[in-house]
Amino acid sequence: MAEGRDPSIGGPTDAGAERSGGSRGAEPDYRFTLANERTFLAWIRTALALVAGAVAVLHLVPLKWDSGVRLAVGFALTGLAIVITVYAPLRWLRVQKAMRRDQALPMSALPVITAVGVALVCAVVLLGNYWS
């Protein structure tokens, strides 16, 4: 058992290594594992919301835009959703491994990518409404 670690909140187990991240090391406190999972699910919900926004722009909202602009916004939202969907499980795994190894949590570019992507789409929507 790791020195200074409370055995009641999880010690090193081989079964736990395969269950929560696939990396050998001390089993992290279950609350941190669950928080990591909630963060992963929040990214997946964000991706689903972006896909819903793409569907709305492409099919539901009566915008008087050129079809090319509408298609570009829809593809931008869908592309951002794909990036988030691919990156979220990789981020979950990296954080889980870092927690198991008792290392600092890795930085993630996902919040910056999402914020910049959404800001650009918002700018295009505003400009599209202004000039249409």
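Residues numbered from 1 in each chain as written. Predicted model: local features only at pLDDT ≥ 70, side-chain atom pairs only at ≥ 80, totals over all residues. Heavy atoms only, no water.

Draft legend 1. Representation of unusual backbone geometry. With a phi angle near 60°, Asp102 is a residue other than glycine that sits in the positive phi range. Secondary-structure assignment places Asp102 in the loop between helix H3 (67-100) and helix H4 (110-131). For Asp102, a relative accessible area of 65% translates into the label exposed. (Helix = DSSP H or I, 4+ residues; strand = E, 2+ residues; numbered from the N terminus. Buried < 20%, exposed > 50% of the residue type's maximum accessible area, 1.4 Å probe, protein only.)

Draft legend 2. Quick look at the environment of Pro106. Counting through the fold element by element, Pro106 comes out in the loop between H3 and H4. With 11 residues separating them in the primary sequence, Pro106 and Val95 have C-alpha atoms 6.5 Å apart. Other than its neighbours up to four places away in sequence, Pro106 contacts Arg94, Val95 and Ala98. (Contact = heavy atoms within 4.5 Å.)

Draft legend 3. Highlighting the packing of helix H2 (residues 30-60) against H4. Orientation of H2 relative to H4, taken along the N-to-C sense of each, is 15°, at an axis distance of 13 Å. With respect to H4, the element H2 is oriented roughly parallel. Between H2 and H4 lies a crossing of left-handed hand. Here H2 contributes Trp43, Thr46 and Leu50 to the contact with H4, which in turn contributes Leu110, Pro111, Thr114 and Val118. When its residues are assigned to classes, the contact of H2 with H4 shows 5 nonpolar, 2 polar and no charged. (Axes fitted to C-alpha atoms, helices over the stretch in contact; angles between N-to-C directions. Parallel < 35°, antiparallel > 145°, perpendicular 65-115°, else oblique. Left-handed = near helix turned anticlockwise from the far one by under 90°. Nonpolar A, V, L, I, M, F, W, Y, C, P; charged D, E, K, R; others polar.)

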